[in-house]
Amino acid sequence: MAGKLTKEDTEEMREIFGKIDLDGDNYIDDCELHVLLKESGHPLAGYKVREIIQKLDRNKDNKISFDEFLAIVQELRGSQVAKTFRKAINKKEGILAIGGTSDLSSEGTQHSYSEEERYAFVNWINTALANDPDCQHVLPMNPNNDSLFKSVRDGIVLCKMINLSVPDTIDPRTISTGKGSVFTHRENLNLAVNSASAIGCHVVNIGASDLSEGKPHLVLGLLWQIIKIGLFADIELSRNEALAALLREGETLEDLMKLSPEELLLRWANFHLENAGQPKINNFSSDIQDSRAYFHLLNQIAPKGIEDDEPCIDISMKGLNEQDCMKRAELMLCQADKLGCRQFVTPTDVVSGNPKLNLAFVANLFNKYPALKKPENEDIDWGLLEGETREERTFRNWMNSLGVNPHVNHLYGDLQDALVILQLYEKIKICVEWNNKVNKPPYPKLGANMKKLENCNYAVELGHDAKFSLVGIAGGDLADGNPTLTLALVWQLMRRYTLNVLEDLGAGQKANDDIIVKWVNQTLADAGKTTKISSFKDREISSSLAVLELIDAIQPDSINYDLVKTGSLSEEDKLENAKYAISMARKIGARVYALPEDLVEVKSKMVMTVFACLMGRGMKQV
């Protein structure tokens, strides 16, 4: 690969990087590389693995980003380091190499996927959807073959899994069930992909055709995101105040609120291990491979029968004496089975330290048996635990769907160093001088806040260059996590992103509110519809009739008017119409992030995005 990397080369490198990045945090550490090499039949001593990381690691943070990986692929391509990566990815042992292409990859590119993930996800889906009458035509799937990739082709399983992870995301009335046709299958897949995006899944370059073809790496990647969102839903202080029991001495509730779900899970496990008098663990990979930490964790969280209606579940610790690590792992999982929590991992996954599947295993344990009590009589400001607003959740999901790094768990805290905001500028085609003007982690212990503030000041500077309205907004407001001012900037980024999509479709013609409103009304009139809107604040929008008729104008006969409430509408009627409208917009191919309540309450910002997305969908077929 002499010379500049081509687009296809870069995508191939991204595929390789993604397969090494087992926990999906967009970094490769020595543990992940060690596991990959071991599973692929090329085990190396720990120091050798660390040497590889050190050769790739340019900012010396003991892990490598994709940019670091890509920057030196050229010089490493012929080296032993590069050959080791190539062997690890392509070896057909543990990790399968399969033929297939995506829209951005070159013909014949090899895509890898994990048999272990397929096995785990199939078993999870079989259990989760066992009683769903709409899925009986494909369930139970066989975890030992490729039936999963065929079973998702009609979109029903994906839609159902999305609703399990985030209830009410998809209006069940919009899912085409039964045998269906190629057309209805495609619509279901559109609905699934666009709804997955709306709940924060990164679905760039994943389309209905990819899923219809059952491309394993894309199917598993999407399913993992959907499952993970569901597993992590309650690992959040505002939804589970008992997590405050994990506060350490000298910490405030705000400190705990800054932790990601992964970090909270690790702290939760160590909380129980400490109570058991056991050493703490630092990860869910190498530190759990001997199953001993899991034995003690299970013993701590198992119900003790203290409460009147609580059964006692006895966890046998005899397996700790087993010398064979694989047998010990099996004995541990037998104890987990007593709690109904054997999902996601096999003994091999435990012994190999599979980070992704072990994380899912622990998250499931937490969800079923947290074994925490909300602290009482302590100086804790519980008023801080306000759940995120709909607007905040929508913005956060939009960012995550674009693949920003790091993943945004807490809107204001995760934006305080402006790195995510700067990535969003790139999404709206604003050039960011990463090398000259951006400070990147790890930040120095002394002066970290100043480095972050400099990033925030640069983010505001770029906003002025982009002609954003930033009156009264300074870098310090972003660094302080000021909700109102941070949202003001984020909204303008989302708005510009939405308008850019329209401009791309319109051959560069500028788009604004008036143009969108004019297009909506013209499209409705041309289709013989009676509704129209005066602006995005028009109170008539609360019925969602204008949205529904616009959808039907874009894709004739798509709306089942027997399901639409008309006349004098109650708030419940309006909400039912809005749920149907949002899901139908996604079903015909519009990537809508707004929620049904936004239509009912006529939240003008979100209403604009709905009509803009539908305009984009309509322009695609012209």
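Numbers given to residues run from 1 along each chain, matching the order in which its sequence is written. Local features are withheld for residues below a pLDDT of 70 in this predicted model, meaning they are given only at 70 or higher, and side-chain atom pairs are given and counted only at 80 or more; totals for whole chains, interfaces and linings count all residues. In computing side-chain properties, one takes all heavy atoms of the structure into account and sets aside hydrogens as well as water.

So, about the overall build of the protein. Each helix and strand in the protein was counted, giving 29 helices and 4 strands. Buried residues are those whose accessible area, probed at 1.4 Å on protein chains only, stays under 20% of the maximum for their type, while exposed residues exceed 50% and partly exposed ones sit between those limits. Burial statistics for the protein: of 622 residues in total, 53% are counted as buried. Once local pairs closer than 6 in sequence are excluded, the contacts in the protein between residues at least 24 apart make up 59%. Accessible area of the protein: about 28,400 Å², with a carbon and sulfur share of 48%. Numbering goes from the N terminus for both helices and strands, where a helix is a DSSP run of H or I of at least four residues and a strand is a run of E of at least two. Pairs of residues are marked as contacts when any of their non-hydrogen atoms sit within 4.5 Å. Per-residue accessibility takes into account occlusion by the displayed protein chains alone, with areas from the Shrake-Rupley method and a 1.4 Å probe.

If you trace the backbone, serine 544 turns up in the loop between helix H25 (513–526) and helix H26 (545–554). Beyond its immediate chain neighbours, meaning those up to four positions away, serine 544 contacts Lys574, Asn577, Ala578, Ala581 and Leu599.

This paragraph deals with the nonpolar core. Counting 93 residues, the largest nonpolar core has Ile125, Leu148, Leu158, Leu265, Trp268, Leu339 and Phe361 as its most contacted members. Here this core takes 10 residues from helix H12 (residues 216–232), the largest share from any one element. When residues no more than four places from it in sequence are discounted, the contact partners of isoleucine 125 are Ala130, Leu139, Met141, Leu148, Val157, Met161 and Leu223. We define the nonpolar core as a collection of buried residues of types Ala, Val, Leu, Ile, Met, Phe, Trp, Tyr and Cys that are connected through side-chain atoms lying within 4.5 Å of one another. Membership of the second largest hydrophobic core comes to 80 residues, among which are Ile428, Cys456, Tyr458 and Ala590.

Centres within 6.5 Å are what make two rings of Phe, Tyr or Trp a pair, Trp counting through its six-membered ring; a difference in plane orientation under 30 degrees is then read as stacked, over 60 as edge-to-face, and the rest as tilted. If you walk through the whole model with that rule in mind, you get 8 aromatic pairs. Judged by centre distance (5.3 Å) and plane angle (90°), the rings of tryptophan 268 and phenylalanine 366 are edge-to-face. Linking tryptophan 268 in helix H14 (residues 261–275) with phenylalanine 366 in helix H18 (residues 355–368), this pair joins segments that are 98 residues apart in sequence. What makes phenylalanine 366 buried here is its relative accessible area of 2%. Ring centres 5.0 Å apart and planes at 70° place the aromatic pair tyrosine 294 and phenylalanine 361 in the edge-to-face group. Placement of tyrosine 294 in helix H15 (residues 292–301) and of phenylalanine 361 in helix H18 is noted, with a sequence separation of 67 residues between them. One exposure class covers both tyrosine 294 and phenylalanine 361, and it is buried.

Attention shifts here to H14. Given a rise of 1.5 Å per residue, 15 residues ought to cover 21 Å, and the 21 Å separating the end C-alpha atoms of H14 matches this to within 8%. On its buried side, H14 packs onto H12, helix H13 (253–257), H15 and H18. Immediately downstream of H14, the backbone of glycine 277 shows phi near 75°, a positive value. One less than the number of residues in a helix, times 1.5 Å, gives the span that helix is expected to have.

A few words now on the environment of leucine 211. Residue placement: leucine 211 occurs in helix H11 (residues 208–212). Exposure remark for leucine 211: the relative accessible area of 0% places this residue in the buried category. In the structure, leucine 211 is positioned 22 residues away from leucine 189 in sequence and 7.3 Å away in space, judged by C-alpha atoms. Leave out the neighbours within four places in its chain, and leucine 211 touches Val152, Arg153, Leu158, Leu189, Val193, Ile206, Val219 and Leu222.

This paragraph deals with the packing of helix H20 (residues 419–427) against helix H24 (residues 483–505). Interaxial distance between H20 and H24 falls to 9 Å at its minimum, and their mutual angle equals 20°. Comparing their axes, H24 and H20 come out roughly parallel. Considering only the axes of H20 and H24, their crossing is left-handed. The residues of H24 that touch H20, namely those facing Ile421, Leu424, Tyr425 and Lys427, are Leu489, Leu493 and Tyr497. Here the nonpolar group is Ala, Val, Leu, Ile, Met, Phe, Trp, Tyr, Cys and Pro; Asp, Glu, Lys and Arg are the charged ones; every other residue, Gly included, is treated as polar. Classifying every residue of the contact of H20 with H24 by side-chain character gives 6 nonpolar, no polar and 1 charged. To get an axis, fit a line to the C-alpha atoms, keeping to the stretch in contact for a helix; angles then go from 0 to 180 degrees between the N-to-C directions. Roughly parallel covers angles under 35 degrees, roughly antiparallel covers those over 145, roughly perpendicular covers 65 to 115, and oblique covers all other angles. Note on convention: near helix rotated counterclockwise from far helix by under a right angle means a left-handed crossing. Clockwise means right-handed.

Moving on to unusual backbone geometry. At the junction of asparagine 405 and proline 406, the peptide bond is cis and its omega measures out at 10° in the coordinates. Along the polypeptide, proline 406 turns up in the loop between helix H19 (390–401) and H20. In this model, proline 441 is joined to proline 442 through a cis peptide bond whose omega is 5°. As for its placement among the helices and strands, proline 442 is situated in the loop between helix H21 (434–437) and helix H22 (448–465). The backbone of phenylalanine 344 sits at a positive phi, close to 85°, despite the residue not being glycine. Note that phenylalanine 344 resides in the loop between helix H16 (325–338) and helix H17 (347–352).

Our next topic: the confidence of the model for the protein. The predictor attaches a confidence to each residue, called pLDDT, with possible values from 0 through 100. For the protein, per-residue confidence averages 88 on the pLDDT scale, and 84% of positions sit at 70 or higher. In this model residues 88–109 is a low-confidence stretch, pLDDT under 50, and it forms 56 contacts with partners more than four residues away in sequence or in other chains.

Quick look at a negative patch on the surface now. A cluster of like negative charges, contributed by Glu254, Asp255, Asp379 and Asp381, occupies part of the molecular surface. For aspartate 381, the location among the structural elements is in the loop between H18 and H19. For aspartate 381, a relative accessible area of 46% gives the class partly exposed. Like-charged residues are merged into a patch within 9 Å and nonpolar side chains (Val, Leu, Ile, Met, Phe, Trp, Tyr) within 5 Å, provided each residue has over 30% relative accessible area and no salt bridge. A carboxyl oxygen of Asp or Glu within 4 Å of a side-chain nitrogen of Lys or Arg is what we treat as a salt bridge. Residues scored as charged are limited to Lys and Arg (positive) and Asp and Glu (negative), so that His and the chain ends carry no count. By convention, the charge on Lys lies at NZ, on Arg at CZ, on Asp at CG and on Glu at CD.

To continue, consider the pattern of salt bridges. This structure, assessed with the given rule, holds 25 salt bridges. With its nearest N and O atoms 2.6 Å apart, the salt bridge here joins arginine 267 to glutamate 251. Pair noted here: arginine 267 is in helix H14 and glutamate 251 is in the loop between H12 and H13, with a separation of 16 residues, a long-range link. What emerges from the salt-bridge pattern is a single network uniting Asp171, Arg173, Glu576 and Lys579.

The end-to-end C-alpha distance of H16 is 20 Å, a good match for the 20 Å that 14 residues give at a rise of 1.5 Å each. Those residues of H16 that sit buried are Arg328, Ala329, Met332, Leu333, Gln335 and Ala336. Relative to the axis of H16, the buried residues are bounded by an arc of 155° and lie together on one face. In the stretch just after H16, glycine 340 is the one whose phi turns positive, near 70°. For this quantity, the arc is that covered by the directions from the helix axis to the C-beta atoms.

Quick look at the packing of H19 against H24 now. The description of two packed helices rests on the angle between their axes and on the distance between the axes. The geometry of H19 relative to H24 is characterised by a closest axis approach of 11 Å and an angle of 50° between their N-to-C directions. With respect to H24, the element H19 is oriented oblique. In the packing of H19 onto H24, the handedness of the crossing is left-handed. Within the contact between the two elements, H19 uses Glu391, Glu392, Thr394, Phe395, Trp398 and Met399 and H24 uses Leu487, Val490, Trp491, Leu493, Met494 and Tyr497. Within the contact of H19 with H24, the residues separate by chemical class into 9 nonpolar, 1 polar and 2 charged.

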